[in-house]
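Spelled out from the first residue to the last, the chains are:
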Amino acid sequence: MNIENAQKAVDEWINNHGVRYFNELTNMAQLTEEVGEVARIIARRYGEQSEKESDKNKDLGEELADVLFVVLCLANQTGVDLQTAFDKKLELKAKRDHDRHQNNKKLK
């Protein structure tokens, strides 16, 4: 599924299962909450913090999907074509960062 189709799928879900989109500020708060859940898993599973027993069954993929869902909601409700924006950003990063990363001794 490409990003354009993902945006459409989220919009269909909102229309079929939700009442409406939460307002942009509520979705921004939700995004922050979801990113925090991802950070908690990463910090405990891959970082130096010990993982609590209650966190061991948390699914990182599911939490990342929650982040993506809210990002797609925000794009839909603010009129952003995320596919076009992402393609443009990827092209920019490829041009701007190719040599920079290739020559970064820290990455070798």
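Since the structure is predicted, the reported quantities are computational estimates derived from the model, not experimental observations. (Residues numbered from 1 in each chain as written. Predicted model: local features only at pLDDT ≥ 70, side-chain atom pairs only at ≥ 80, totals over all residues. Heavy atoms only, no water.)

Novice: Could you clarify how one ought to interpret the overall build of the chain in this entry?
Specialist: Check the secondary structure of the chain and you find four helices and zero strands. Ordered by position from N to C terminus, the α and β elements of the chain give α-α-α-α. Over its C-alpha atoms the chain spans a radius of gyration of 17 Å, topping by over 25% the 13 Å that the globule rule assigns to 108 residues. Here the C-alpha coordinates of the chain stretch approximately 50 × 45 × 25 Å along the principal axes. Looking at the chain as a whole, 21% of its 108 residues are labelled buried. Intrachain contacts of the chain at a sequence separation of at least 6 include 62% that bridge at least 24 residues. A total accessible area of about 8,400 Å² is found for the chain, and carbon and sulfur atoms account for 55% of it. For the chain, the distance from the average site of its 17 positive side-chain charges to the average site of its 20 negative ones is 9 Å. (Helix = DSSP H or I, 4+ residues; strand = E, 2+ residues; numbered from the N terminus. Rg over C-alpha atoms; globule rule 2.2 N^0.38 Å. Buried < 20%, exposed > 50% of the residue type's maximum accessible area, 1.4 Å probe, protein only. Contact = heavy atoms within 4.5 Å. Areas by Shrake-Rupley, 256 points an atom, 1.4 Å probe, with all protein chains shown as cover. Lys, Arg positive; Asp, Glu negative; His and termini not counted. Charge placed at Lys NZ, Arg CZ, Asp CG, Glu CD.)

Novice: Teacher, can you tell me more about the UniProt feature "domain: NTP pyrophosphohydrolase MazG-like" (unreviewed entry) in the chain here?
Specialist: Under the local residue numbering, the UniProt record ascribes the feature "domain: NTP pyrophosphohydrolase MazG-like" (unreviewed entry) to residues 23–98. Along residues 23–98 one finds 76% helix and 0% strand; the C-alpha atoms at either end are 38 Å apart. (UniProt positions renumbered as here; feature names shortened; annotations may be inferred.)

Novice: Mind showing me how you'd approach the side chain of Asp55 here?
Specialist: Considering the arrangement of structural elements, one finds Asp55 in the loop between α2 (24–45) and α3 (60–78). For Asp55, a relative accessible area of 5% gives the class buried. Not counting chain neighbours up to four residues away, the residues in contact with Asp55 comprise Arg40, Arg44 and Arg45.

Novice: What is the right way to read the environment of Ala9 from this model?
Specialist: As for its position among the elements, Ala9 is in helix α1 (residues 3–17). Spatially, the C-alpha atom of Ala9 lies 20 Å from that of Glu34, the residues being 25 residues apart in sequence.

Novice: Mind showing me how you'd approach the pattern of salt bridges here?
Specialist: Any two side chains of opposite charge can pair, given that their charged atoms come close. Tallied over the full model, the rule gives nine salt bridges. Residue Asp97 pairs with Arg96 through a salt bridge whose shortest N-O separation is 2.9 Å. Given the relative accessible area of 47%, Arg96 is considered partly exposed. A salt bridge links Asp97 to Arg100; the nearest nitrogen and oxygen atoms lie 3.8 Å apart. Of this pair, Asp97 and Arg100 both sit in helix α4 (residues 82–102), three residues apart, which is roughly one turn of the helix. Classification of Arg100 by relative accessible area gives exposed; the value is 53%. Salt bridges here are not isolated pairs; linked through shared partners, they connect Lys93, Arg96, Asp97 and Arg100. (Salt bridge = Lys/Arg side-chain N within 4 Å of Asp/Glu carboxyl O.)

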